[in-house]
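# Descriptive structure summary
Below are the chains, spelled out letter by letter.
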Amino acid sequence: MTVTPAPAPATAPAALPPLAARSRSVGGSPVRDILAVTARPEVINFAGGLPAPELFDREGIAAVFRAVLEETPERALQYSTTEGEPTLRAALAARLGTRGLPTDADDLLITTGSQQALSLLATALVDPGDTVLVESPCYLAALQVFGLAGARVLPVPCDADGVDPTALAELIRTERPKLLYLVPTFQNPTGRTMPAARRADLAETAARHGLWIVEDDPYGDLRYDGEHVPWIASLPAAADRTVLLGSFSKVMAPGLRLGWLRAPDALRRACAVAKQAADLHTPTVNQLAAARYLDVLDGHVAKVRAVYGERRDAMLAGLADALPAGSVWNRPKGGMFLWARLPEPYDTTALLRRAVDHHVAYVPGEPFYAADPDRATLRLCFVTQTPQEIGEGLRRLAQALEKAR
């Protein structure tokens, strides 16, 4: 008689190693989470930072893609250099030169959206524990990038013109930061623009104290009032220590995922090495199409500016009736966003659910702060809806806030 041995007790599988500490310490984007909740068509959504899709130049963009694929398919469908397609870098360099910033093609690195440029800079510049200074409030995804890099992120007090120079100098003296991150033109989330004199002051401060400046400019072409203010990167005091970031997302199409950075040689080369490790290069066909589209971009942007300017004015005209007495807001000269502060004791994070129940959405100000958030603030995007939709959305917002009193 054969005796079959009893099966051995099942061994529980070993636990997997944990995620990297940096991925556990930084959460997702609250704005993306809000957009997921408010994606229903009945919601008038002032929360996103999305260009108006009806203004995309579908025919013009399709035409340049067709031309690229018909005339140079072997190049368009092939791998490219990490630094970017020479034709796009040359055209972009010429564009920057005509706007007061002499630039060679070799000064530029093409990136997969300007968000990647920011990530590459964090890889190349920031070691865990390094101090990074940011505006207060600050572009939310920059806080994510620096958080993932392990940086110690400190806010610089700001006024209506941006970073307070006195406060900045004191933080540099006491905290010894490695870089200052700024969106000086039509800032996200506040929409404010730093005047030329303040920019010159910051450039001198960076030169005096040995500080990198990261100047992010995704909205600069979307100006509705006033004159162009020179980039910090164009100021002699900061020329060797300023990185300028730009994007085609807001003026061409975000789906192309095309951005760029202009940086001093050593830093740009370090970013190129980081990009090689990230994605080798930005899609070739998109770059070649964008290089051709640059020839007609200014005409398209002029049309977009006219529409967005009307939408900004529509939102400004309706705010007094929509927001409670004692509220304050700015009048941005360009960009996509308007910033408002409600009187105490309003908490815009707590009130968001009530607003969504009234089929309107905004972004609470809280997640834009590196520290000590002002919970009475909120960001409104005015470019995605028509003036009529903006008026209706503000009416719904007024109803939601009235019931919160």
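Higher on the page you've got the structure.
Residues numbered from 1 in each chain as written. Predicted model: local features only at pLDDT ≥ 70, side-chain atom pairs only at ≥ 80, totals over all residues. Heavy atoms only, no water.

### Observations regarding the overall build of the protein chain
Let me state the cut-off plainly: Helical segments are the DSSP runs of H or I of at least four residues, strand segments are the runs of E of at least two, and each set is numbered from the N terminus. Computation of the radius of gyration draws on C-alpha atoms alone. For the globule rule, the value is 2.2 Å times the number of residues to the power 0.38. Think of it in three bands: with a 1.4 Å probe and only protein chains considered, a residue is buried below 20% of the maximum accessible area for its type, exposed above 50%, and partly exposed in between. Every residue pair with non-hydrogen atoms within 4.5 Å of one another is taken to be in contact. Using a 1.4 Å probe, accessible areas were evaluated by the Shrake-Rupley method; residue-level cover was limited to the displayed protein chains.
When its secondary structure is counted, the protein chain shows 13 helices and 15 strands. A compact globule built from 405 residues should have a C-alpha radius of gyration of about 22 Å, and the protein chain, at 24 Å, falls within 12% of that. By its C-alpha atoms, the protein chain is 95 × 55 × 55 Å across when sized along the principal axes. Across the 405 residues in the protein chain, those meeting the buried criterion constitute 52%. Long-range contacts, defined as pairs at least 24 residues apart, comprise 74% of the intrachain contacts of the protein chain with a sequence gap of at least 6. As presented, the protein chain carries roughly 18300 Å² of accessible surface, and 56% of it is formed by carbon and sulfur atoms.

### Considering the packing of helix 6 (residues 114-125) against helix 7 (residues 140-148)
Relative placement of two packed helices is described by the angle separating their axes and the distance separating the axes. Here is the rule: Geometry is summarised by axes, namely lines fitted to C-alpha atoms with helices restricted to the contacting stretch, and by angles between N-to-C directions that run from 0 to 180 degrees. Comment on the angle field: the value is read as roughly parallel under 35 degrees, roughly antiparallel over 145, roughly perpendicular from 65 to 115, and oblique elsewhere. Crossing handedness follows the turn of the near helix against the far one: under a right angle anticlockwise gives a left-handed crossing, and clockwise gives a right-handed one. Charged means Asp, Glu, Lys or Arg here, nonpolar means Ala, Val, Leu, Ile, Met, Phe, Trp, Tyr, Cys or Pro, and polar covers whatever is left, Gly included.
Packing of helix 6 against helix 7 brings their axes to within 9 Å, and their N-to-C directions diverge by 30 degrees. Accordingly, the angle class assigned to the pair helix 6 and helix 7 is roughly parallel. Helix-helix and strand crossings are classified by hand; for helix 6 and helix 7 the assignment is right-handed. Counted together, Gln115, Leu118, Ser119 and Ala122 of helix 6 and Ala141, Ala142, Val145 and Phe146 of helix 7 form the full contact between these two elements. By residue class, the composition of the contact of helix 6 with helix 7 is 6 nonpolar, 2 polar and no charged.

### Quick word on the nonpolar core
Keep this limit in mind: Working definition of a nonpolar core: buried Ala, Val, Leu, Ile, Met, Phe, Trp, Tyr and Cys residues. They are joined through side-chain atoms within 4.5 Å.
Among the nonpolar cores identified, the biggest contains 105 residues, and Leu121, Phe146, Tyr181, Met252, Leu261 and Met315 are the most heavily contacted of them. Here the element with the most residues in this core is helix 11 (residues 284-322); it accounts for 15 residues. In this structure, Phe146 is in contact with Leu118, Ala122, Val132, Val134, Ala151, Val153, Leu179 and Tyr181, ignoring residues within four places of it in sequence. Formed by 19 residues, the second largest nonpolar core is a distinct cluster that contains Val163, Ala206, Leu211 and Ile232.

### Section: the pattern of salt bridges
Put simply, the test is: Salt bridge, as used here, is a side-chain nitrogen of Lys or Arg placed within 4 Å of a carboxyl oxygen of Asp or Glu.
Throughout the structure, instances matching the rule amount to 25 salt bridges. Close ionic contact of Asp298 with Arg95 constitutes a salt bridge, the shortest N to O distance being 2.9 Å. Of this pair, Asp298 sits in helix 11 while Arg95 sits in helix 5 (residues 86-98), and the two are 203 residues apart along the sequence. What makes Asp298 partly exposed here is its relative accessible area of 42%. Residues Asp127 and Lys178 are paired through a salt bridge, measuring 3.9 Å at the closest nitrogen-oxygen approach. Here Lys178 lies in the loop between helix 8 (165-175) and strand 7 (179-182) and Asp127 lies in the loop between helix 6 and strand 3 (131-135), a separation of 51 residues in the sequence. Several salt bridges share partner residues, and in doing so they unite Arg95, Arg99, Asp221 and Asp298 into one network.

### Side note on the sheet that holds strand 14 (residues 363-364)
Note the cut-off: Here the rule is simple: two strands pair whenever DSSP picks up at least two bridges between them.
Pairing in this open sheet of 4 strands is antiparallel, and the strands run 11-12-15-14 from one edge to the other. For this open sheet the edge positions go to strand 11 (328-329) and strand 14, each flanked by a neighbour on one side alone.

### Looking at the packing of aromatic side chains
How we decide: Centres within 6.5 Å make a pair out of two Phe, Tyr or Trp rings, where for Trp the six-membered ring is used; the pair is then stacked when the planes are under 30 degrees apart, edge-to-face when over 60, and tilted otherwise.
Scanning the entire structure with this criterion turns up 5 aromatic pairs. A centroid spacing of 5.9 Å and a plane angle of 70 degrees characterise the contact between Phe146 and Tyr181, whose relative ring orientation is edge-to-face. One end of the pair, Phe146, is in helix 7; the other, Tyr181, is in strand 7, with 35 residues separating them in the sequence. Each member of the pair Phe146 and Tyr181 is classed as buried. When the ring of Tyr219 is compared with that of Phe337, the centres are 5.8 Å apart and the planes differ by 85 degrees; the resulting orientation is edge-to-face. Here Phe337 lies in strand 12 (residues 337-341) and Tyr219 lies in the loop between strand 8 (212-216) and strand 9 (242-247), a separation of 118 residues in the sequence. An identical accessibility class is assigned to Tyr219 and Phe337; each is buried.

### Some thoughts on unusual backbone geometry
Glycine aside, residues mostly have negative phi, and peptide bonds are mostly found in the trans state. Here the residue pair Ser136 and Pro137 is connected by a cis peptide bond, since its omega of 0 degrees sits within 30 degrees of zero. Here the amide bond leading from Asn188 into Pro189 is cis, since omega sits at 20 degrees, within 30 degrees of zero. Checked against the element boundaries, Pro189 lands in the loop between strand 7 and helix 9 (196-209). Here the phi dihedral of Arg257 falls at roughly 50 degrees; this positive angle occurs in a residue that is not glycine. Along the chain, Arg257 falls in the loop between strand 9 and strand 10 (259-262). Non-glycine residue Leu280 carries a positive phi angle of around 70 degrees. Note on placement: Leu280 falls in the loop between helix 10 (265-278) and helix 11. A relative accessible area of 45% places Leu280 in the partly exposed class.

### Overview of the sheet that holds strand 2 (residues 108-111)
Hydrogen bonds along the backbone pair up the strands of a sheet, which may run parallel or antiparallel. With mixed pairing, the 7 strands of this open sheet are ordered in space as 2-10-9-8-7-3-4. On the outer flanks of this sheet lie strand 2 and strand 4 (152-156), each paired with one strand and no other. Ignoring which end each strand starts from, the neighbouring axes of this sheet average 20 degrees apart.

### Describing empty space enclosed by the protein
A probe matching the size of a water molecule, rolled over the atoms, marks out where space remains unfilled. Using the following cut-off: Within this scheme a cavity is a closed region of a 1 Å grid, computed over the protein atoms alone, that accommodates a 1.4 Å probe without allowing it to escape, whereas a pocket is open but has protein on both sides within 12 Å along at least five of seven lines; lining residues each have an atom within 4 Å of a point. Grid points are joined across faces, edges and corners, and a volume is the space filled by probe spheres set on the points.
According to the stated counting rule, one finds 2 cavities of 30 Å³ or more in the structure shown. Space inside the largest cavity adds up to approximately 60 Å³. Lining the largest cavity, in full, are Pro51, Ala52, Leu55, Phe56, Ser249, Lys250, Val251, Met252, Ala253, His300, Val304 and Tyr308. Class assignment for the residues of the lining of the largest cavity results in 9 nonpolar, 2 polar and 1 charged. Its volume calculated, the second largest cavity comes out at about 30 Å³. Together, Leu323, Leu342, Thr348, Tyr362, Leu378, Leu397 and Leu401 line the second largest cavity. For the lining of the second largest cavity, a count of residues per class yields 6 nonpolar, 1 polar and no charged.

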